[in-house]
Amino acid sequence: QDYFHELVCVTARERIVVPIRAIGARAILDFPAQLEFSKCPVKQSTQKTLLVSNVGNRTACYQLSTQSPFYVVPTTGILDVGDTMEVTVGFHPLTTGDHCGSLAVSCSSGAEIIHTKLQGEAVDVTIELSTNSVEFEKTLISTSSHSTVLIENRSNITAHFQWKAFPSEEEEKEEKKRLVQLPKEVSQENLTVEKEMEKGSSREDPTALLSSTVQEKLPKGQEDPMLFSDGIFFIEPMEGEIGPNCSAIIKVTFKPQEDLKYQSVAYCNISGREIRLPLQLRGEGQGPLVEFISQTVNLGTVSVSSHHIYKV
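Report follows, based on the coordinates. Everything quoted here is computed from the prediction, not taken from an experiment.

Analysis parameters
- Residues numbered from 1 in each chain as written.
- Predicted model: local features only at pLDDT ≥ 70, side-chain atom pairs only at ≥ 80, totals over all residues.
- Heavy atoms only, no water.
- Core = buried A, V, L, I, M, F, W, Y, C linked by side-chain atoms within 4.5 Å.
- Buried < 20%, exposed > 50% of the residue type's maximum accessible area, 1.4 Å probe, protein only.
- Helix = DSSP H or I, 4+ residues; strand = E, 2+ residues; numbered from the N terminus.
- Contact = heavy atoms within 4.5 Å.
- Polar contact = N/O pair within 3.5 Å; in protein donor to acceptor, adjacent residues only side chain to side chain.
- Salt bridge = Lys/Arg side-chain N within 4 Å of Asp/Glu carboxyl O.
- Phe/Tyr/Trp six-rings, centres within 6.5 Å; stacked < 30°, edge-to-face > 60°.
- Lys NZ or Arg CZ within 6 Å of the ring centre and 35° of its normal.
- Pairing = 2+ DSSP bridges.
- Axes fitted to C-alpha atoms, helices over the stretch in contact; angles between N-to-C directions.
- Patch = residues over 30% accessible without salt bridge, like charges linked within 9 Å, V, L, I, M, F, W, Y side chains within 5 Å.
- Areas by Shrake-Rupley, 256 points an atom, 1.4 Å probe, with all protein chains shown as cover.

1. Re the nonpolar core
One finds Ile151, Phe161, Trp163, Phe233, Ile270 and Leu279 to be the most contacted residues of the largest nonpolar core, which totals 27 residues. Mapped onto this core, the elements with two or more residues apiece are strand S11 (127–129), strand S14 (145–153), strand S15 (159–164), strand S16 (233–236), strand S18 (246–254), strand S19 (261–270) and strand S20 (277–286). Those residues in contact with Trp163 that sit more than four places away from it in its chain are Leu129, Ile151, Leu227, Phe228, Ile235, Pro237, Met238, Ile250, Ala266, Tyr267, Cys268 and Leu279. Formed by 24 residues, the second largest nonpolar core is a distinct cluster that contains Ala27, Leu29, Phe37 and Phe70.

Spelled out as structure tokens, the structure:
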């Protein structure tokens, strides 16, 4: 803290004012005025490490803060006079384009908060699916067909992928919100079932119905990754990593349950690409291929009370 006072000297002829200033001890961390991240892969963390010294004359009890898509580690700590520490500033953009922010540095000694300007540019890298659709030939019910898809990473980063059920994170969040609100719906349904029980409803087992209703409507947790899930089409592996300039082999399986045409879409969420890559899945179930070789059986003249066996 700085102090200020005035010493006033008054005579018969004049008034003399002598200002007195005292500069208090301060902690000063030598952060740069600006930090720039240029052309970083989207959905991928890029970090820069700063060597920061306390060039003031007082121990620094510091606090660091920033805003998404930037982050800083550590956020708090103590640094003695003349000591140096490492501070990691990260950039994790979820959308392509230019991003701006600031790193605020404050010390408990009352010094003015200083700001480091943060700038970053996020770009898509070359990561693609070998095909955007898989179409299976007619597959007999109770059997399965298989196909493969490649995720080709032609960049110099290690990419992490997950197969998702929704085309965007926004739709995924909306679904999670809907699932969180389900307990209210469950409570209402429970109340309806309870009233039916009181009225002596003709349902076979109302208590079992109540239990099953609750189980069916229980929401998924907020931490649910919402991965692709389908009873007909199966993908493996569901998630993994792909090294620079490498490919990952994805196995797609089709298991029809009825004599129907099926279609679904799986979305590959992968670091380095802003938009999730869609994979169209199509297939048709085939019922048993069975027919009689002969459409008619001529029994001819049969004696009364006789027993005859014919094979078809």
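There's more to say after this.
2. Observations regarding the environment of Ser294
Tracing the sequence through the fold places Ser294 in the segment after S20. Spatially, the C-alpha atoms of Ser294 and Val312 are 7.3 Å apart, while their sequence positions differ by 18 residues. In terms of polar contacts, Ser294 uses its side chain to reach the backbone carbonyl oxygen of Thr296, at 2.7 Å.

3. A closer look at the side chain of Arg276
Along the chain, Arg276 falls in the loop between S19 and S20. Overall, Arg276 belongs to the buried group, its relative accessible area being 7%. Engagement of the side chain of Arg276 in a polar contact is seen with the backbone oxygen of Phe166, the distance being 2.8 Å. Leaving out residues up to four positions away in the same chain, Arg276 has contacts with Lys43, Lys164, Phe166, Pro167, Ser168, Glu169, Glu172, Tyr267, Cys268 and Asn269.

4. So, the pattern of salt bridges
What the rule picks out here adds up to eight salt bridges. With a closest N to O distance of 3.1 Å, Arg276 and Glu172 form a salt bridge. In this pair, Arg276 sits in the loop between S19 and S20 while Glu172 sits in helix H1 (residues 169–180), placing the two residues 104 residues apart along the sequence. Since its relative accessible area comes to 7%, Glu172 is described here as buried. In the salt-bridge network here, residues are joined through shared partners; they are Glu128, Glu152 and Arg154.

5. Side note on the packing of aromatic side chains
Any aromatic ring pair is given by two values, namely how distant the centres are and how the planes are angled relative to each other. Inspection of every chain in the model, using the stated rule, returns seven aromatic pairs. Ring geometry for Phe37 versus Phe91: centroids 5.5 Å apart, planes at 35°, classification tilted. Of this pair, Phe37 sits in strand S3 (residues 34–41) while Phe91 sits in strand S8 (residues 84–91), placing them 54 residues apart in sequence. Residue classification places Phe37 among the buried positions, given a relative accessible area of 1%. Of the residues examined, Phe91 reaches a relative accessible area of 0% and is grouped as buried. With 5.4 Å between their ring centres and 25° between their planes, Phe136 and Phe254 make a pair best called stacked. Of the two residues, Phe136 sits in the loop between strand S12 (133–135) and strand S13 (139–140) while Phe254 sits in strand S18, which places them 118 residues apart along the sequence. Of the two residues, Phe136 and Phe254, neither departs from the other in class, the shared state being buried. Grouping aromatic residues by their ring pairs yields a cluster made of Phe136, Phe233, Phe254 and Tyr262. In this arrangement the basic side chain of Lys48 is found over the ring face of Phe37, its NZ or CZ atom lying 5.3 Å from the centre. A cation over an aromatic ring shows up here: Lys255 above the ring of Phe234, its NZ or CZ 5.4 Å from the ring centre.

6. As for the sheet that holds S18
Taking strand neighbours across the sheet as the criterion, the four strands line up as S11-S14-S18-S16 in an open arrangement whose pairing is antiparallel. Edge strands, defined here as strands with exactly one partner in the open sheet, are S11 and S16. Each strand of the sheet is rotated relative to its neighbour by a mean of 20°, with strand direction disregarded.

7. Examining a nonpolar patch on the surface
Together, Phe292, Val297, Leu299, Val302, Tyr310 and Val312 make up an exposed nonpolar region whose accessible area comes to about 600 Å². Position of Val302 relative to the elements: it lies in the segment after S20.

8. Regarding the environment of Ala60
Positionally, Ala60 belongs in strand S5 (residues 60–65). Taking the C-alpha atoms as reference points, Ala60 and Asp83, 23 residues apart in sequence, are found 10.0 Å from one another. Discounting chain neighbours no more than four positions away, the residues touching Ala60 are Ala27, Leu29, Asn54, Gly77, Ile78, Leu79 and Cys107.

9. A few points about the sheet that holds strand S6 (residues 70–73)
If you trace the three strands from one edge of the open sheet to the other, you get S4-S8-S6, paired in antiparallel fashion. Both edges of this open sheet fall to strand S4 (46–53) and S6, since each of them pairs with a single strand only. Put simply, the sheet's adjacent strands are angled 25° from each other on average, direction ignored. Strand direction decides the pairing type here: S6 and S8, joined by four bridges, are antiparallel. Paired with Val73 across the strands is Thr88, a residue of S8.

Any functional reading would require information beyond the geometric quantities listed.
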